[in-house]
Amino acid sequence: VILIAIILFASAGRIDWDFAWIYIVTSVLIMITNALIFSPELISERGRKKENVEKWDRLISGLIIFPWLALYAVSGLDIRFGWSPELPLWIHITGLVIFILGNALLSWAMISNVYFSTAVRIQYDRGQTVSNGGPYRYMRHPGYLGMIVHNLSAPMIFGSIWASIPASLTVILFVIRTVFEDNTLKNKLEGYREYAERVKYRLIPGVW
């Protein structure tokens, strides 16, 4: 969050940017809430150095960083130079609501899956099993859907049409990561193929 704040305000050339502050404060509140509701086991897995990470995931995760950071830089530059027309207040508010809902879905997925790691790996060391509760009853990768919604809402909050470009690139990379992870789980995690037969959709129920 600190890094995001630095990028936003440095690229904008100002700190009196209300929607940037709203985004940052909301993000901090979400982090505090997650710290209180997540299990210590989940927090430990997400915070420690990972082993046997899939090679393709190292590549995709590395690529995602660039459009993800560019989203905030472009948003700030847009504010500085006025590339986008001023958007109505309801678009900013709608973006904030979508941002909160996306993060809520992500948090729900994490609560429902104690194996929700920051990297794609089969957690043999933790006896990983298939998670099928919570949102996993409706889609196989609800966390990624939450992240996608999170990214698409940010340009709306900041009021930057141009920031939609790096946000869309981030979404594309998350979709690619979903495909690769789904195939990895089918091939390497016991019981996942049977689960995929029951829960047909990867990201959006009724669509894909």
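Remember, predicted model here, so these are calculated numbers, not experimental data.

Engineer: How should I be thinking about the overall build of the chain in this particular structure?
Structural biologist: The helix and strand tally for the chain stands at eight helices and zero strands. Ordering the α and β elements of the chain from the N terminus gives α-α-α-α-α-α-α-α. Taking 208 residues into account, the globule formula puts the C-alpha radius of gyration at 17 Å, and the chain, at 18 Å, falls close to it. Over its C-alpha atoms, taken along the principal directions, the chain stretches across nearly 55 × 35 × 30 Å. Of all 208 residues assigned to the chain, the portion counted as buried reaches 47%. Look at the contacts in the chain between residues 6 or more apart in sequence, and 80% of them connect residues 24 or more apart. For the chain, the exposed area adds up to about 11,000 Å²; of that, 68% sits on carbon and sulfur atoms. Here the chain holds 19 positive side-chain charges and 15 negative ones, and the gap between their average locations is 5 Å.

Engineer: Can you help me understand the pattern of salt bridges in this one?
Structural biologist: Here the idea is simple: oppositely charged side chains can pair when their charged atoms come close. On inspection of all chains with the given rule, the structure shows 11 salt bridges. Ionic pairing is found between arginine 126 and glutamate 45, a salt bridge with its closest N-O pair at 3.7 Å. Highlighted residues: arginine 126 in the loop between helix H5 (89-112) and helix H6 (142-158) and glutamate 45 in helix H3 (residues 40-47), separated in sequence by 81 residues. The same class applies to arginine 126 as to glutamate 45, namely buried. One salt bridge connects glutamate 197 with lysine 200, and the closest N-O pair in it is separated by 3.7 Å. According to the relative accessible area criterion, glutamate 197 is exposed, its value standing at 54%. Salt bridges sharing partners connect three or more residues here, namely Glu41, Glu45, Arg121, Asp125 and Arg126.

Engineer: Please clarify how the side chain of serine 84 should be interpreted in this entry.
Structural biologist: One can find serine 84 in the loop between helix H4 (55-81) and H5. Taking the relative accessible area as the measure of exposure, serine 84 reaches 13% and is therefore buried. Reaching out from serine 84, the side chain makes a polar contact with the backbone nitrogen of isoleucine 161 at a distance of 3.0 Å. Excluding residues that lie within four positions of it along the chain, serine 84 makes contacts with Asp78, Gly159, Ser160, Ile161 and Trp162.

Engineer: Even after reading the chapter, I still don't get the packing of aromatic side chains, so can you show me in this structure?
Structural biologist: Think of a pair of aromatic rings as described by two things: how far the centres are apart, and how the planes are tilted against each other in angle. One pass over the full model with this rule turns up 11 aromatic pairs. Ring centres of tryptophan 17 and phenylalanine 158 lie 5.5 Å apart, and the angle between their planes is 55°; on these two criteria the pair is classed as tilted. Of the two residues, tryptophan 17 sits in the loop between helix H1 (2-12) and helix H2 (18-37) while phenylalanine 158 sits in helix H6, which places them 141 residues apart along the sequence. Taken as a pair, tryptophan 17 and phenylalanine 158 share a single burial class, namely buried. Grouping aromatic residues by their ring pairs yields a cluster made of Trp17, Tyr23, Trp68, Tyr72, Phe99 and Phe158.

Engineer: Sorry, what's going on with the nonpolar core here?
Structural biologist: As a rule of thumb, soluble globular proteins bury nonpolar side chains together. Counting 28 residues, the largest nonpolar core has Met110, Phe116, Tyr144, Met147, Phe174 and Tyr192 as its most contacted members. Elements supplying a minimum of two residues to this core: H4, H5, H6, helix H7 (164-188) and helix H8 (192-198). With sequence-adjacent residues up to four places away left out, tyrosine 192 is seen in contact with Val130, Arg140, His141, Asp182, Leu185 and Lys186. Ranked by size, the runner-up nonpolar core spans 18 residues in total, among them Ile4, Tyr23, Ile30 and Tyr72.

Engineer: Please clarify how the environment of tyrosine 72 should be interpreted in this entry.
Structural biologist: Tracing the backbone shows tyrosine 72 in helix H4. Taking the relative accessible area as the measure of exposure, tyrosine 72 reaches 1% and is therefore buried. On a C-alpha basis, the gap between tyrosine 72 and leucine 152 in space is 12 Å, while along the polypeptide they are 80 residues apart. With residues near it in sequence (within four places) discarded, tyrosine 72 still touches Ile4, Ile7, Leu8, Ser11, Tyr23, His150 and Phe158.

Engineer: Quick question: what am I supposed to make of the environment of leucine 63 here?
Structural biologist: In this fold, leucine 63 is placed in helix H4. In this structure, the C-alpha to C-alpha distance between leucine 63 and threonine 129, residues 66 residues apart in sequence, is 28 Å.

Thresholds, definitions, all that
- Residues numbered from 1 in each chain as written.
- Predicted model: local features only at pLDDT ≥ 70, side-chain atom pairs only at ≥ 80, totals over all residues.
- Heavy atoms only, no water.
- Helix = DSSP H or I, 4+ residues; strand = E, 2+ residues; numbered from the N terminus.
- Rg over C-alpha atoms; globule rule 2.2 N^0.38 Å.
- Buried < 20%, exposed > 50% of the residue type's maximum accessible area, 1.4 Å probe, protein only.
- Contact = heavy atoms within 4.5 Å.
- Areas by Shrake-Rupley, 256 points an atom, 1.4 Å probe, with all protein chains shown as cover.
- Lys, Arg positive; Asp, Glu negative; His and termini not counted.
- Charge placed at Lys NZ, Arg CZ, Asp CG, Glu CD.
- Salt bridge = Lys/Arg side-chain N within 4 Å of Asp/Glu carboxyl O.
- Polar contact = N/O pair within 3.5 Å; in protein donor to acceptor, adjacent residues only side chain to side chain.
- Phe/Tyr/Trp six-rings, centres within 6.5 Å; stacked < 30°, edge-to-face > 60°.
- Core = buried A, V, L, I, M, F, W, Y, C linked by side-chain atoms within 4.5 Å.

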